[in-house]
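Tertiary structure, described
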Amino acid sequence: MVPVQSWYSPDTVPAQSRSTSGDAVELVEESLDVNLLNNAVRLRIQGCPFLPGGIHLCEVQSHLVVLLVTAQTVHRLLLPHPARLYRSELITESQVQSVFTDISKIHIRDPSNYYVIPSVPGLAPNSVASAAWLSSEGEALFALPSASGGIFVLKLPPPDAPGSVSVVELKQSSVVQRFLTGWMPTAIRGEGGPSDVPVSLSVHCLDHDAFLFALCQDHKLRMWSYKDQMCLMVADLLEFMPVSRDLRLAAGTGHRLRLAFSQSLGLYLGVYMHAPKRGQLVSTESNRYSLDHISSLFSSQETLVDFALTSAEIWALWHNEENQTVVKYINFEQNVAGQWNQVFVQPLPEEEVTVRQDQDPREIYLEYLFTPGRFSNAAIQKALQIFSQGTERHMDLTWDELRKAVTLAVENEFQGSVTEYECSPEEFWQLQVEFWSKFYACCLQYQEALSRPLALHLNPYTSMVCLLKKGSVSFLVPCSLVDHLYLLSNEHLLTEDDAAIFEDLEMSRDVVCLVQCLRLIGESISMEMAFIMEMACSRLQPPEKAAEQILEDLIANDTENVMEDIHSKLQEIRNPIHAIGMLIREMDYETDADMERAPQLALRMSLSQLFGSGTAAHVVCGGVAKICTVRFLLCRDLLILQQLLLRLGDPMVLGGGQLFQSHQDLLHRTSPLLLSYFLIRWASQCLASDVPMDTLWPSNPSFLFPECLMGSCQYTQLQEYIRLLQPWCHVNMGSCCFMMGRCYLVMGEGHKALDCFCQAASEVGREEFLDRLIQPEEGEVVSTPRLQYYNKVLRLLEMLGLPELVIELATLAIMESADDWRSQATLRTCIFKHHLDLGHNSEAYVALTQNPDPGRQLDCLRQLVVVLCERSQLQDLVEFPYVNLHNEVVGIIESHARAVDLMTHNYYELLYAFHVYRHNYRKAGTVMFEYGMRLGREVRTLRGLQKQGNCFLAAINCLRLIRPEYAWIVQPASGAVYERPGASPKRSHDGECMAVPTTRQIEILELEDLERECLLARIRLTLVEHDVSAAAVAGNSTPEETVSLLVRAGLFDSAITLCQTFKLPLTPIFEGLTFKCIKLQLGGEAAQAKAWDWLAANQLSALVTTKESSATDEAWRLLSSYLERYPSQNSLYHRCVINKLLAHGIPLPNWLINSYKEVDAAELLRLYLNYDLLEEAVDLVLEYVDAVLGKGHQYFGIEVPLSPASPTMWLPYTAIDQLLQALRESSASENSVVLYEKLNDKMEDYQQKVSVATMERLYCRP
């Protein structure tokens, strides 16, 4: 099969262009791979209009060189080369800087880069021909025609080398080199004339020489060597075409010359010989210094705008008689008949938009205006500017912003015209249509102006052909065989070479006749009929039914006997079934799964740079949309034709039953084909993505196009794509369901998404996309494909925060994992987690109990405890039955209770409630006792002590609920040191592991022990309430330490209670109270006032607060009451009090002396002696002796004084002797002598009386 190829002009996009307007030039750089920033520049050289074709771009290793030629000057611009601008081979940014970014830094007026051409007689006046090139040494050379028929060559030195501008004139009259160091007048030459002046110049560089080709007014082509400065060849081009005398004598001012060079084929010249009403293109091959004529091609009546040449083809841009653009091309070597191939140029939008009465004009016009590819952004913006009468500037608006601006502008104009009167709905509708049609006409006018091609551009390296327009460019896209035949006009279709279609000539004729039938059908279909098929495809209705309805409408409205023409054409087809099948095969891109192509497609998609720009995306989508639009129409017409064949039932056409069945099969193949192209056309018009054509085909196993939509966040478009695809395409059904589920998730329709995910599960393991989806990640446990799929979806739902859907899907997945306990454990853990997150405590507990993995079950149980505690949902936590999990729950709560802060978490209270709920009061008491102990150690605050007291009370209550023989608990470990699994070993300060302590001795605490601890806690609380600063030390103090703290705070009643409870001596209390009495006695008024606080905290029986009673008096009275209330063995407390007083040099109060005399006068004497109180000791002995003798004996506790009948009595003789000795030793003092004599006399008198009493007693004894 020989390829026959036509071309589309699918769309127009902003792209690289060079355009001139008088003395200004616009340069725009575009890339098909990346988006460029600062890529447009406008240069103006005032008063110097640019010559047509006077812009030349040259590429060297480090720069891009732009050579500009105006009527008076030549210029050289040096731009950075993109390869130097971006050192990296891989450009990862989506936007990069253009080569024009720093053009402001270029010195346009640098004398080394421009030169002014003065007006001299030697230069051809009013000439528009020019050429420019770079030499191998980097010199810039400019060629301009001379009046003598020669060529002036102006040379600028290299930009980095010094030098002056030089000019060489190439002349026909001599081969002698003539150098000009400046512009000089040229002598009049006799052999030259106006007919020798070049009208078109081109240059070809080869082997350090430049060959200039000049097409002159005398219809001759001359070739010059710049190196040798001579004319090497002169060829008369009129020899290659039939000419008349008039043409030979006329000056050829409209001739044009193009060159094309191929390393393998050589240099080709294309010449357009302009002649009134019969232009001709001549293609020749340059063979050293001669021309080999290849072909002469005659054009029609069109006017040539531009043409381009390759080594095999000529492309030409024309304007026809209606001033419409026509683009044609021809292979000048193979096409012997000289038949031009037509390029199907994108037509302008319709001049009018039809709006029905039941439609909103605004919506219809907006939809028509902003349909992708119909109007350019620039055209709408210009129309908006005019329509708004220049009140606002609308520049660089996005598509959505432009749509809003258009709506606002038209509505404002419309509203301004209807505010003065009321109108009916019909008038209102008519006014809307009027204003919108006015704006539409304005858009159409600018679209037509901007769509008019200015030049033709052909890339010699890629053979890409473009039409350059004002500020935009149209790319030509190759057209396939089917589209070529369908789009050809009738006259061209009839003259189409059958051998160029298929090798089988009969098949070629059949296909041509078949396409003629399709064209007859397509030309007969009205807009209403076409709308029927469009709506059927959009609403997922069978296309066969729509084709049948259209056929009935065609038959009913057949006023020109089109059906008869079609029937007669069908009679000419020898084998219609094969012809239709051939046409379908040409349009069907469905392929089997090709594993070798998959990596190529993946590689192609991974090359984000390739065709990654917005321009390339626009071009690709525009091309795909154009192809699919033509194919959709062709399939529509083919479907209608097949319905006609079925209706005719002509055996001459359809043949027998087997062929009839084959036709039925083709009918069912055409319908999905129609829907496929409808779908791809829709996708290409609503997206701007560069997707390979074969990945778009809906029924292919590849799923890259929906993946691309999903990756680009085109969720609405992806939903519509799948909606249009699902009713008829049965490939990748599961993958489509999965993608639809993803879209529903984004749209917030979770339950619909779940239904889609569940439907997709049945296709896991059958589709390539789903197989890739379930590939296990590193470290992931491999399970069955279905379970892997569920895990992926579950992770997706979890990531989006949809716990209800996770639970529902995991519940379904459990049914698939009946034999996989690991997956069961994972899924039930997932269900537990999300039930717990939702607050479904009971459901979470059920999921926990059903988990087959003990480890996961314990983790879930731990999480349940923590979460419910944090939410304060303790009742649920306590009341769950925990079958076979009781010990685990207790262990979890205990470990948390011992590991977290006591005042912010209530795990101990939870554990207490847990045990009480189960009537395990001993455990409950143990928990609260441990809680109280830790509060004392770790929370040494008023609140902590309050809580500690309550804990001990709760523990006591628990033990009181138990029978007495069981009312005991085990003493919790001190220091809150508990063995926890996984705890790190304890180390000393030098890093060594400390020895593990041996098992401690178990200590049993009974109810009385708890009551004592409770009392201690209550007294601590009393202490802290009285003095908050004591909290830091009182929280964990021992009873002895607490007594000291109480004494220091003046809480003597509490201290006595504590001592009595713990059987501690009261000595510290009496010492402390005595010291406070001393301080009060020695202190001032401030001490007196402060003492009332602690005095009031003690229960003194009759507190006297009169003016006569001071705090000191009350303190002494409190001390006196304590000595009376709490007697001690051997008067211990009296002695410690007196010791304290005497130690501080405080005189003993009389009440204390009298009290102690009555208890132990001898000890009082010894205390006097210890503190060297001799006078007080003498007085005490004198009184003591008198009391023994009967004078005041009751004050010393002596019941019967000395008499012969009294019991034996004694005096502390040792102490008295010590006193006498002390008095003798201090005889230097007169007072001591007196005291000694008095005491001595007293003792002598006492001795006499004792002797008398003793003798009397002896004599009286029987």
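Let me begin by describing the structure that accompanies this report. This is a predicted model, so every value here is computed, not measured. (Residues numbered from 1 in each chain as written. Predicted model: local features only at pLDDT ≥ 70, side-chain atom pairs only at ≥ 80, totals over all residues. Heavy atoms only, no water.)

**Remarks on the overall build of the protein**
Scanning the protein for helices and strands turns up 45 helices and 32 strands. Per-residue burial for the protein yields a buried fraction of 48% across its 1262 residues. Of all intrachain contacts in the protein linking residues separated by at least 6 positions in sequence, the fraction that spans at least 24 positions is 59%. (Helix = DSSP H or I, 4+ residues; strand = E, 2+ residues; numbered from the N terminus. Buried < 20%, exposed > 50% of the residue type's maximum accessible area, 1.4 Å probe, protein only. Contact = heavy atoms within 4.5 Å.)

**Overview of a nonpolar patch on the surface**
Nonpolar side chains collect at one region of the surface, where Val970, Ile1002 and Ile1004 lie side by side and expose about 260 Å² of accessible area between them. Secondary-structure assignment places Ile1002 in the loop between strand S31 (968-970) and strand S32 (1004-1006). (Patch = residues over 30% accessible without salt bridge, like charges linked within 9 Å, V, L, I, M, F, W, Y side chains within 5 Å. Areas by Shrake-Rupley, 256 points an atom, 1.4 Å probe, with all protein chains shown as cover. Salt bridge = Lys/Arg side-chain N within 4 Å of Asp/Glu carboxyl O.)

**Here we look at helix H19 (residues 704-711)**
H19 sits mainly inside the fold: six of its eight residues count as buried. All buried positions along H19 are accounted for by Leu704, Phe705, Pro706, Cys708, Leu709 and Met710. At the C-terminal side of H19, Cys713 shows a positive phi close to 60 degrees.

**Here's the deal with helix H4 (residues 377-387)**
Those residues of H4 that fall on the buried side of the exposure criterion are Ala379, Ile380, Gln381, Ala383, Leu384, Gln385 and Phe387. Of the residues trailing H4, Gln389 is marked for its positive phi of about 60 degrees.

**A word on the pattern of salt bridges**
A complete count under the given rule lists 32 salt bridges for this structure. Residue Asp358 pairs with Arg356 through a salt bridge whose shortest N-O separation is 3.2 Å. According to the relative accessible area criterion, Asp358 is exposed, its value standing at 61%. In this structure, the salt-bridge partner of Lys947 is Glu909, at a minimum N-O distance of 2.9 Å. Pair noted here: Lys947 is in helix H33 (residues 942-960) and Glu909 is in helix H31 (residues 907-917), with a separation of 38 residues, a long-range link. Of the residues examined, Glu909 reaches a relative accessible area of 32% and is grouped as partly exposed. Within the structure, one salt-bridge network assembled from shared partners comprises Asp196, Asp218 and Arg222.

**Describing the pairing of strand S29 (residues 465-469)**
With five of five residues buried, S29 lies mostly within the body of the structure. Covered by surrounding structure in S29 are Val465, Leu467 and Lys469 together with Cys466 and Leu468, the residues of both alternating faces. With four bridges connecting them, strand S28 (residues 455-458) and S29 associate as antiparallel partners. If you follow Leu458 over to S29, its bridge partner there is Val465. Counting the residues that bridge the hairpin from S28 to S29 gives six residues, and of these Ser463 lies at a positive phi of roughly 60 degrees. The pairing of S29 with strand S30 (residues 472-479) spans four bridges and is classified as antiparallel. Within S30, the position partnered with Leu468 by the bridge is Val473. (Pairing = 2+ DSSP bridges.)

**Looking at the side chain of Thr1074**
Mapped onto the elements of the fold, Thr1074 is located in helix H38 (residues 1067-1082). According to the relative accessible area criterion, Thr1074 is buried, its value standing at 0%. Separated by 2.6 Å, the side chain of Thr1074 and the backbone oxygen of Phe1070 make a polar contact. Once you skip the residues sitting within four places of it in the chain, Thr1074 turns out to touch Leu1119, Val1137, Lys1140 and Leu1141. (Polar contact = N/O pair within 3.5 Å; in protein donor to acceptor, adjacent residues only side chain to side chain.)

**Digging into the pairing of strand S7 (residues 63-70)**
Burial runs high along S7: seven of the eight residues are buried. As judged from the six bridges shared by strand S6 (residues 50-59) and S7, these two strands associate in the antiparallel manner. Looking across to S7, one finds that Glu59 is bridged to Leu64. Linkage of S6 to S7, two consecutive antiparallel strands, is achieved through a turn of three residues. Here seven bridges tie S7 to strand S8 (residues 73-80), and the two strands are oriented antiparallel to one another. Within the sheet, the bridge partner assigned to Leu68 lies in S8 and is His75. Taking the residues between adjacent antiparallel strands as the criterion, S7 and S8 are bridged by two residues.

Such coordinate-based values are descriptive only and should not be taken to indicate function.
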